[in-house]
Amino acid sequence: MFETLKPQPADKILALMQKFREDPRSDKIDLGVGVYKNAQGVTPVMRAIKAAEHKLWEEQISKSYVGLVGDPAYSDAMIKLILGDAVERGNIAAAATPGGTGAVRQAFELIKIANPSARVFVSDPTWPNHISILNYLGIETVTYRYFDRSTCGVNFDGMIEDLKTAVKGDVVLLHGCCHNPTGANLNAVQWQEVIDLLNARGVVPMIDIAYQGFGDGLDEDAVGVRMVAAGTPECLIAASCSKNFGIYRERTGLLMMVSNDAASQKLNQGTLAFLNRQNYSFPPDHGARLVTMILNDDALRADWAAELEDVRLGMLGLRQSLADELQRLSGSDRFGFLAQHRGMFSLLGTTPELVEALRAEHGIYMVGDSRMNIAGLNADTIPILAQAIMDAGI
Ligand code: LMR
C-alpha cells in the first residue's frame, strides 16, 4: 500500500528553516520562520514560564487525563485574556488544542460539519498553512484582496469589494492582529465596516489570533477580535500561546465558538469535545497549565506581561531602526511602512527572484513572498540588511 504514496509538497516556511540550518556561512541572517529571537539570536524561555514550571514540578502529583477540552480553568483564563468582558462567558464554548494550528484545524473541521458547502475566504496573502489545511480537508478556498504592494498597506477597498461576493453560510478568515505574513492591519473603523458587511450577508467570521501582545499591546491587539465577538451573531476564534508565552513546542492553543444564542453553548461545547476525541482525544496539558498558572497569579502575570512588553518594544525599535537606515540609504520614505507595520512580520512586497538574490548573495533568508521576521534582526544586522536591499535594487 505504501508504494502508492506520492511526495507531499513541502511547507515553504519549514523548508526555508531547513535550508538556513544547512547553509555553512557564518554571517547568514535568519528572517524566516516566525519564532521570536532576542538580540543574541536566542528564543528564550520566558521568566514566568520558568517560575511556573518550577512550581508545577514541585506541586503536581498526577499526570492523569484532564478532560477532552482541557482544563476549564485554562479556557476561562484565555477567554478573559483575549475577549476581556466583550461577551458573556456563558455564550462561549471552548476547547484546548495542540497549538494555534490545532485550533485552526479543528475550526475548519467544524465548518465542514456545520456547512459542507461553506467556502472559506482567506486574505491574499495569508499564512500558507491556512490554505494547505483547507485544501487537505477539501474545503473551497476563495481569496480576498488584502495587501497593496504599491503602498505595503491594506487594500481595504479591494478587500470590501471581494468580501461582498461571500454568501450566507460562507466563512471569512481574518487575522486578529499582526497579520501574517504582511504586518499590515485593519484599524477599528475598518473592523466595524467588515463586521457590518459580514452581518448584512450572513457570513461567519473566523479569527486567527497568534500574536496578541506583539503589536500595540495585549488589550490593543484584541480590539478587532473583541469587536467581532460582541458584534456578530456567531464567530470562531483560534488562538495560540506559542508566541506570546514563548512555548512553541508545548503546543498550546484554544478554539472558541462564540454565539449570541446562549442556549446553543451546550451543543457547541459538546461538538468541540467530540472533535477533540476524534482527532487526538485529550489535548496537551503542560503548556496550558503553565499559561493558566501565570494568568491566575498576580505576580507571575505581571512579570510575564512586563517581559512581553519588552519583546514588543524591542521589535518596534528594530522596525524603526530599519526604516531609518533605509531612508538614509535610499534618500526616500518608501520604506516607512516598516515602522507602521505591527507584529513579527513585514512583507517587503518584492519579487521571489530578489528574495532569492538576497539569500544567494548575502545569506539573508526571508520567505519567498518577501516576508521577513523582524525579530530575526539586531543592531548589527540592520545595516547589513538595509545595504543588501539597496544593492538588490528593491
Ligand atoms: C510562521 O508563520 O512562521 C509560524 O507561524 C510558524 C509556522 O508554523 O509556520
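Residues numbered from 1 in each chain as written. Predicted model: local features only at pLDDT ≥ 70, side-chain atom pairs only at ≥ 80, totals over all residues. Heavy atoms only, no water.

Q: A description of the overall build of the chain should follow, citing residues and the corresponding values.
A: Scanning the chain from N- to C-terminus turns up 14 helices and 13 strands. Residues counted as buried form 54% of the 394 residues belonging to the chain. For the chain, restricting intrachain contacts to residue pairs at least 6 apart in sequence, the fraction spanning at least 24 positions comes to 76%. Of the roughly 17600 Å² that the chain leaves accessible, carbon and sulfur atoms contribute 54%. When the 36 basic and 47 acidic side-chain charges of the chain are each reduced to a single mean position, those positions are 4 Å apart. (Helix = DSSP H or I, 4+ residues; strand = E, 2+ residues; numbered from the N terminus. Buried < 20%, exposed > 50% of the residue type's maximum accessible area, 1.4 Å probe, protein only. Contact = heavy atoms within 4.5 Å. Areas by Shrake-Rupley, 256 points an atom, 1.4 Å probe, with all protein chains shown as cover. Lys, Arg positive; Asp, Glu negative; His and termini not counted. Charge placed at Lys NZ, Arg CZ, Asp CG, Glu CD.)

Q: Could you give an account of unusual backbone geometry, with specific residues and numbers?
A: Note that the residue after Asp 124, namely Pro 125, is joined by a cis bond; omega there is 5 degrees. The linkage connecting Asn 180 with the following residue, Pro 181, adopts the cis geometry, with an omega of 20 degrees. Mapping Pro 181 onto the fold places it in the loop between strand 7 (171-175) and helix 7 (188-201). With phi around 60 degrees, Cys 152 is a residue other than glycine that occupies positive phi space.

Q: Describe helix 3 (residues 72-83), naming the residues involved and giving the relevant values.
A: Given a rise of 1.5 Å per residue, 12 residues ought to cover 16 Å, and the 16 Å separating the end C-alpha atoms of helix 3 matches this to within 8%. If you check which residues of helix 3 are buried, you get Tyr 74, Ser 75, Ala 77, Met 78, Ile 79, Leu 81, Ile 82 and Leu 83. For helix 3, the side-chain oxygen to backbone nitrogen distance between the N-cap and Ala 73 is 2.9 Å, and the N-cap itself is Asp 71. Gly 84 sits one or two residues past helix 3 and shows a positive phi near 55 degrees. (Expected span 1.5 Å × (residues − 1). Polar contact = N/O pair within 3.5 Å; in protein donor to acceptor, adjacent residues only side chain to side chain.)

Q: Could you give an account of the pairing of strand 10 (residues 253-259), with specific residues and numbers?
A: Buried residues dominate strand 10, accounting for seven of its seven residues. Burial along strand 10 is two-sided: the residues Gly 253, Leu 255, Met 257 and Ser 259 and Leu 254, Met 256 and Val 258 are all buried. In this structure, strand 2 (residues 92-97) lies alongside strand 10, joined through six bridges in antiparallel fashion. When the bridges of strand 10 are listed, Ala 96 appears paired with Leu 254. Bridge count for strand 9 (residues 234-240) against strand 10 is seven bridges, and the pairing is antiparallel. Bridge pairing in strand 10 links Ala 239 to Leu 254. (Pairing = 2+ DSSP bridges.)

Q: Give a detailed account of the environment of Glu 53, specifying residues and quantitative values.
A: With respect to the helices and strands, the residue Glu 53 is situated in helix 2 (residues 47-59). Given the relative accessible area of 24%, Glu 53 is considered partly exposed. When the C-alpha atoms of Glu 53 and Glu 161 are compared, they prove to be 49 Å apart, with 108 residues separating the residues in sequence. Excluding anything up to four places from it in sequence, Glu 53 contacts Glu 250, His 286 and Leu 290. A distance of 3.0 Å separates a polar atom in the side chain of Glu 53 from a polar atom in the side chain of His 286.

Q: Now, about helix 7: what can you tell me, with residues and values included?
A: Spanning 14 residues, helix 7 covers 20 Å between terminal C-alpha atoms, matching the ideal 20 Å at 1.5 Å per step. Every buried residue of helix 7 is listed here: Gln 190, Trp 191, Val 194, Ile 195, Leu 197 and Leu 198. One face of helix 7 carries all of its buried residues, which in axial projection span an arc of 165 degrees. Those residues of helix 7 that are exposed and angled more than 90 degrees off the buried face are Val 189 and Ala 200. On its buried side, helix 7 packs onto helix 6 (156-163), strand 7, strand 8 (204-209) and helix 8 (223-231). At the N-terminal boundary of helix 7, the capping side chain belongs to Asn 187, with an oxygen 3.1 Å from the backbone nitrogen of Val 189. Downstream of helix 7 by a residue or two, Gly 202 has a phi angle that is positive, lying close to 70 degrees. (Arc of directions from axis to C-beta.)

Q: A description of the sheet that holds strand 3 (residues 119-124) should follow, citing residues and the corresponding values.
A: The seven strands lie next to each other as 2-10-9-8-7-3-4, forming an open sheet whose pairing is mixed. Edge positions in the sheet fall to strand 2 and strand 4 (140-145), since each of these pairs with one other strand and no more. This sheet shows a mean twist of 20 degrees between the axes of neighbouring strands, independent of strand direction. Pairing of strand 8 with strand 9, which is carried by four bridges, proceeds in the parallel orientation. What sits directly across from Ile 207, in strand 9, is Ile 237. This element, helix 4 (residues 99-114), spans strand 2, strand 3, strand 7, strand 8, strand 9 and strand 10 of the sheet and lies at about 155 degrees to strand 9. Contacts between helix 6 and the sheet are confined to strand 3, strand 4 and strand 7, with strand 4 contributing the most and set at about 145 degrees to the helix. (Axes fitted to C-alpha atoms, helices over the stretch in contact; angles between N-to-C directions.)

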